[in-house]
Amino acid sequence: MTTLELPALRSQRLNALTHAPHERLDHAVKAREPFSSRERFARFVAAQYLFQSELQALYQDAELGRIFPDLPQRCRAEQARLDLADLDTDVPAPVAGAIANPSLAHALGWLFVSEGSKLGAAFLIKRVAALGLDEYTGARHLGEPEGGRAEGWKRFTRTLDGLELSEAEEREAEAGALAAFERFAHLLQHSYDSAPAAV
């Protein structure tokens, strides 16, 4: 019986581990048709804002900032907040259950998911054009990061892959990545369920 070979790089292992929840989340997003109207897109932006605002403490964390020097500039909470204003949508109230005081390794898993989502945003930004939105109005949080998506992701994963973690820390990072997908799925559902009913 052959044992499945795990990818050598941590980023590849995390990618493989989160493939199933990523697929589930993609289906959940599509089911809510965020690109069918500005109102429905605004609910998607609300979920993005909630997720990014919950991660602000990680993006501002001094210890993580020593590992990723450009980390504070990578956070998209402010862009999502401005997008909500463009869409005439109130900033949503915090939702119970946000990540709080995670270990460094656990936080790495969350950041992996948050940073990885910028790659998928390249496809989403094309869809918003039909709504009259772009990376300057209503969809800033999906815009291309300074220096480019691919290069930003490569820089992040090079650093992530180069960190020395214990076996226990590897498991914590994996748990963090899975928890991040679970949390975003929850925030997505909350944002659409709590939307005001159409008149």
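The structure we're discussing is the one just above.
First, a word on scope: everything that follows refers to the structure included in this document. From a predicted model like this one, the values you see are computed outputs, not experimental measurements.

**So, the overall build of the protein**
Okay, so step 1: A tally of helices and strands in the protein yields 10 helices and zero strands.
Okay, so step 2: At 17 Å, the protein has a C-alpha radius of gyration in line with the 16 Å of a compact globule built from 199 residues.
Okay, so step 3: Taking the principal axes of its C-alpha atoms as reference, the protein extends roughly 55 × 40 × 30 Å.
Okay, so step 4: Here the protein, with 199 residues, has 42% of them falling under the buried criterion.
Okay, so step 5: Of all intrachain contacts in the protein linking residues separated by at least 6 positions in sequence, the fraction that spans at least 24 positions is 82%.
Okay, so step 6: Of the accessible surface of the protein, which amounts to about 11,000 Å², a share of 53% is contributed by carbon and sulfur atoms.

**Section: the layout of surface pockets**
Okay, so step 1: Its volume calculated, the largest pocket comes out at about 800 Å³.
Okay, so step 2: Lining the largest pocket are 30 residues, and of these H22, D26, S117, G120 and L124 lie nearest its centre.
Okay, so step 3: Sorting elements by how many residues they give to the lining of the largest pocket places helix 8 (residues 104–127) first, with 10 residues.
Okay, so step 4: Estimated volume of the second largest pocket: approximately 360 Å³.
Okay, so step 5: Lining the second largest pocket we find 19 residues, and of these Q73, R74, K118, P145 and E146 sit closest to its centre.

**Remarks on empty space enclosed by the protein**
Okay, so step 1: One pass over the full model with this rule turns up one cavity of 30 Å³ or more.
Okay, so step 2: The space that makes up the largest cavity amounts to roughly 30 Å³.
Okay, so step 3: Lining the largest cavity, in full, are R10, R13, L14, E170, A173 and E174.
Okay, so step 4: Those elements that provide at least two residues to the lining of the largest cavity are helix 1 (10–17) and helix 10 (167–193).

**Thoughts on helix 3 (residues 38–54)**
Every α-helix carries 3.6 residues per turn, so stepping three or four residues along brings you back to the same face.
Okay, so step 1: Taking 1.5 Å as the rise per residue, helix 3 with 17 residues should run 24 Å; its terminal C-alpha atoms sit 24 Å apart, in good agreement.
Okay, so step 2: Most of helix 3 sits out of view: 13 of its 17 residues are buried.

**Brief notes about the pattern of salt bridges**
Okay, so step 1: By the definition in use, this model includes 13 salt bridges.
Okay, so step 2: For R183, the salt bridge goes to E54, with nearest N and O atoms at 2.6 Å. In this pair, R183 sits in helix 10 while E54 sits in helix 3, placing the two residues 129 residues apart along the sequence. Like E54, R183 is buried.
Okay, so step 3: When the shortest N-O distance is used, the salt bridge between D70 and R74 registers 3.1 Å.

**Quick word on the packing of helix 1 against helix 9 (residues 149–162)**
A pair of packed helices is characterised by two quantities: the angle between their axes and the separation of those axes.
Okay, so step 1: The contact between helix 1 and helix 9 brings their axes to 8 Å, and the two run at 100°. One element, helix 1, and the other, helix 9, form an angle in the roughly perpendicular class. Residues R10, S11 and L14 of helix 1 lie in contact with helix 9, whose contacting residues are T157, L160 and D161.
Okay, so step 2: Here the contact of helix 1 with helix 9 is built from residues that sort into two nonpolar, two polar and two charged.

**So, the nonpolar core**
Okay, so step 1: With 50 residues, the main nonpolar core has F41, L58, V128 and L188 as its most contacted residues.
Okay, so step 2: If you list the elements that add at least two residues to this core, you get helix 2 (19–31), helix 3, helix 4 (56–59), helix 7 (77–86), helix 8, helix 9 and helix 10.
Okay, so step 3: Residue contributions to this core peak at nine residues, all from helix 3.
Okay, so step 4: Discounting residues that sit within four places of it in the chain, F41 has contacts with P34, F35, L87, V128, L131, L133, G138, A139, H141 and L142.

Criteria and thresholds
Counting starts from 1 at the beginning of each chain's written sequence and moves along it residue by residue. Owing to the predicted nature of the model, reporting of local features is limited to residues with pLDDT of at least 70; listing and counting of side-chain atom pairs is limited to 80 or more, with chain, interface and lining totals taken over all residues. Note: side-chain values were computed over all heavy atoms of the structure, leaving out hydrogens and water. Where helices and strands are cited, they refer to DSSP runs of H or I of at least four residues and of E of at least two residues respectively, numbered from the N terminus. To get the radius of gyration, use the C-alpha atoms; to get the globule rule, take the number of residues to the power 0.38 and multiply by 2.2 Å. Residue exposure (1.4 Å probe, protein chains only): buried if accessible area is under 20% of the type maximum, exposed if over 50%, otherwise partly exposed. In what follows, residue pairs with any heavy atoms lying within 4.5 Å of each other are defined as contacts. Each accessible area value is a Shrake-Rupley result obtained with a 1.4 Å probe; residue values ignore everything except the protein chains displayed when judging cover. Throughout, the protein atoms alone are placed on a 1 Å grid, and a set of points is a cavity if a 1.4 Å probe fits but cannot get out or a pocket if it is open with protein on both sides within 12 Å along at least five of seven lines; lining residues have an atom within 4 Å of a point. Grid points are joined across faces, edges and corners, and a volume is the space filled by probe spheres set on the points. Expected helix span is computed as 1.5 Å times (number of residues minus one). Note on definitions: salt bridges are taken to be side-chain nitrogens of Lys or Arg within 4 Å of carboxyl oxygens of Asp or Glu. Under this scheme, a helix contributes an axis fitted over its contacting stretch, all axes are lines through C-alpha atoms, and angles between N-to-C directions fall in the 0 to 180 degree range. For classification purposes, an angle smaller than 35 degrees is called roughly parallel, one larger than 145 roughly antiparallel, one from 65 to 115 roughly perpendicular, and anything else oblique. Throughout this entry, Asp, Glu, Lys and Arg are counted as charged residues, while Ala, Val, Leu, Ile, Met, Phe, Trp, Tyr, Cys and Pro are counted as nonpolar. The remaining residues, Gly among them, count as polar. Among the buried residues, those of types Ala, Val, Leu, Ile, Met, Phe, Trp, Tyr and Cys that are joined through side-chain atoms within 4.5 Å form a nonpolar core.

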